[in-house]
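# Breakdown of the fold
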Amino acid sequence: MRAVSADEATSSWDLGMVPRPFRVRKNRRELNDVVTLELEPESGEPMAFEPGQFTMLYLHGIGEIPISISGDPSHEGVLVQTIRSVGAVSEGFCNLSEGDMVGVRGPFGRPWPVEKTDGKNLLIMAGGLGLAPVRPAVYWALQNMDRIKKLNILYGARTPDDALFPSQLLGWEAVDDVKVLLTVDRPVDDWYGRVGVVTDLIADLDIDPQETIAMVCGPDVMMNFTIQSLRAWGLDGENVYVSLERNMKCAIGWCGHCQMGPHIICHDGPVFSAPEVAELMSVWEL
Amino acid sequence: MAAIKKIAELLSAHPLFEGFDSDTMEFLAGCAENKAYRKGEYIFKTGEPADKFYILRSGDVALEMQIPGRARLTVQSLHTDQLIGASWMLPPFTWRLDARAMTNIRVTRVDAACLRDKCDENHELGYTIMKRFLPIIAERLQATRMQLVDLYAPMSEVGTRL
Ligand SMILES: Cc1cc2nc3c(=O)[nH]c(=O)nc-3n(C[C@H](O)[C@H](O)[C@H](O)COP(=O)(O)OP(=O)(O)OC[C@H]3O[C@@H](n4cnc5c(N)ncnc54)[C@H](O)[C@@H]3O)c2cc1C
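Here the residue index of a chain counts from 1 through its sequence in written order. Each chain is given a letter, starting from A, and each ligand a number, starting from 1, according to the order in which they appear as written. Totals for whole chains, interfaces and linings use all residues, but because this is a predicted model, local features are given only for residues with pLDDT of at least 70 and pairs of side-chain atoms are given and counted only at 80 or more. Hydrogens and water molecules were not included; the side-chain quantities draw on all heavy atoms of the structure.

Before going further, it helps to spend a moment on the sheet that holds strand β4 (residues 63-68) of chain A. Residues and elements named next belong to chain A. Strands pair, by our definition, only if DSSP identifies at least two bridges between them. A run of H or I in DSSP becomes a helix once it reaches four residues, and a run of E becomes a strand once it reaches two; helices and strands are each numbered from the N terminus. Within the open sheet, the 6 strands sit side by side as β4-β3-β6-β1-β2-β5. Their pairing is antiparallel. Of all strands in the sheet, those with a lone pairing partner are β4 and β5 (79-84), marking the two edges. When the angles between neighbouring strand axes are averaged without regard to direction, this sheet yields 40°. Inter-axis angles, ranging from 0 to 180 degrees, are taken between N-to-C directions of lines fitted to C-alpha atoms, where helices are fitted over the stretch in contact.

Here it is in structure tokens:
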């Protein structure tokens, strides 16, 4: 577990223990049970973050949950987070209105290694709500197309109506050197797109696996299956990164709530390379 | 003859037939023809004899099931360069799904009944064909299992989250 020196441990504030007050600027409904919140600090510095990092969002009197930042890292003034309502706290966040106050700690965690994509292709593979935590890496890539070769985004959703950020997906597709492919598990009647799992889309890539860095986010089973398929495609496991979003409490590596084998997810992750978590990912209920 | 040569070239460029000797390729090409289907047209329907298979050269195809009283259900879509149809390999040699063109498509259609006979005669060829087709079948089975898991279902339905 992380050792904190006396110098470092000057105050709870410095350690990221105390939530800062943020105000809801906008609550946009994305899907039936998913919203995107835009939050602004009530005072002080805007929150700078790196793609893949998360915050601890505190709803007064209800509780605190880890949520990935889904906004553009170059827009520091506003903190954007996409939340699915699954329980008391996340539901509370989904029901917030403009002007409501929340507490925010962070940003925390090891980010997506975007700098590793220099001169390489970036392959993003996401399933379901997993597109939200990788969206900052997409924003980063779109602003750094001169540094990377090609950006490929492969996305799997349950149905066409469950695809997150649909108009953005279309917009990204129109950019040179960007390819976006969407597949769904269950089509609706007027769907003429792809049907099947996200790994089916790998066959459509026209990039060299040896020259590619992949960032994968979605349910554990999807990530596991994707790692295997990417390896079969020829991508070295060292170049595949996943985001493990197991539940956590303190977010600063103290409490051990999110410990998975040797890793404290909040501190050592949530982003890991595939070999770092190969064994852990297949363990049920770890 | 020129047409057969052209088809042989097309087929040997496909990973399914990579490395096949020229006699086998010529035999396969002799059982094959290029065809086009218009958007919406059926390539085959459930229950019909499965005596062909298809290499999708361009366009998209939906594999569908008809469920009485419900809209037809696409279980998988297939795209350029993919194989359409493996039921020709297994008794009772009938299609288990409908295949419908989602766009205008072009295919190379291979007479599988004739290939089946050839495989019965020449087990080495039969084994090679099996080795090439089986991974595709296994991959599709695995994909079907993944779809069954319904990974992205809302919490209210099954209890997954992301
Ligand atoms: C690093 C990290 C980033 C995350 N990013 C996002 C995000 O961007 N958007 C988002 O909607 N959610 C995200 N989550 C998940 C989110 O934190 C949980 O959904 C939330 O904590 C649920 O709290 P609750 O009180 O609403 O529900 P609870 O009552 O705590 O839980 C409801 C149900 O969800 C299950 N559950 C809760 N959290 C998790 C989890 N982490 N993994 C698997 N099952 C869980 C519980 O077991 C329970 O069955 C992230 C989690 C982590 C650790």
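Turning our attention to the packing of aromatic side chains. For any pair of aromatic rings, the description rests on two quantities: the centre-to-centre distance and the angle between the ring planes. Whether two aromatic rings pair depends on their centres lying within 6.5 Å, for rings of Phe, Tyr and Trp, where Trp uses its six-membered ring; planes under 30 degrees apart make the pair stacked, over 60 edge-to-face, and the rest tilted. By the definition in use, this model includes 9 aromatic pairs over all chains. Plain terms: the ring middles of A:Y139 and A:W172 are 6.5 Å apart, the flat faces sit at 90° to each other, and that makes the pair edge-to-face. Here A:W172 lies in helix α3 (residues 166-173) and A:Y139 lies in helix α2 (residues 131-143), a separation of 33 residues in the sequence. An identical accessibility class is assigned to A:Y139 and A:W172; each is buried. When the ring of B:F44 is compared with that of B:Y54, the centres are 5.9 Å apart and the planes differ by 35°; the resulting orientation is tilted. Residue B:F44 is found in strand β2 (residues 42-44), and its partner B:Y54 is found in strand β3 (residues 52-58); the two are separated by 10 residues along the sequence. Here a set of aromatic residues connected by ring pairs shows up, and it is made of B:F17, B:F20, B:F53, B:W88 and B:F133. For each residue, the accessible area found with a 1.4 Å probe, counting protein chains only, is set against the maximum for its type, and the residue is called buried under 20%, exposed over 50%, and partly exposed in between.

Attention shifts here to the packing of α2(A) against α3(A). Residues and elements named next belong to chain A. At a closest axis distance of 13 Å, the pairing of α2 and α3 adopts a crossing angle of 30°. Relative to α3, α2 is oriented roughly parallel. α2 and α3 meet at a crossing whose hand is left-handed. Here L131, R135, V138, Y139 and L142 of α2 lie close against α3, whose contacting residues are Q168, L169 and W172. When its residues are assigned to classes, the contact of α2 with α3 shows 6 nonpolar, 1 polar and 1 charged. Roughly parallel covers angles under 35 degrees, roughly antiparallel covers those over 145, roughly perpendicular covers 65 to 115, and oblique covers all other angles. Whether a crossing is left-handed or right-handed is set by the direction in which the near helix is turned from the far one by less than a right angle, anticlockwise for left-handed and clockwise for right-handed. Whether two residues are in contact is decided by their heavy atoms: any pair within 4.5 Å suffices. Asp, Glu, Lys and Arg are counted as charged, while Ala, Val, Leu, Ile, Met, Phe, Trp, Tyr, Cys and Pro are counted as nonpolar; the rest, among them Gly, fall into the polar class.

Residues and elements named next belong to chain A. Either an automatic procedure or a domain database provided the assignment from which the domain bounds are taken. Here the domain parsing of chain A yields domain 1 (6-108) and domain 2 (114-281). On a C-alpha basis, the centres of domain 1 and domain 2 stand 22 Å from each other. Simply put, the buried area is the total loss of 1.4 Å probe accessible area from both parts when two parts are fitted together. When domain 1 packs against domain 2, the two sides together hide about 1900 Å² of surface, and 67% of this comes from carbon and sulfur. It is L31, P51 and F54 that lose the most area in domain 1 upon contact with domain 2, and together they represent 23% of the buried surface on that side. Between Lys or Arg on one side and Asp or Glu on the other, a salt bridge is scored when a side-chain nitrogen of the former is within 4 Å of a carboxyl oxygen of the latter. At the junction of domain 1 with domain 2, the criterion picks out 0 salt bridges. Under the rule applied, a polar contact is a pair of N or O atoms within 3.5 Å (in protein, one hydrogen donor and one hydrogen acceptor; residues adjacent in sequence only if both atoms are side-chain atoms). Across the contact surface, domain 1 and domain 2 share 3 residue pairs in polar contact (both at pLDDT 80 or more). Considering only residue class, the side of domain 1 that touches domain 2 consists of 13 nonpolar, 8 polar and 5 charged.

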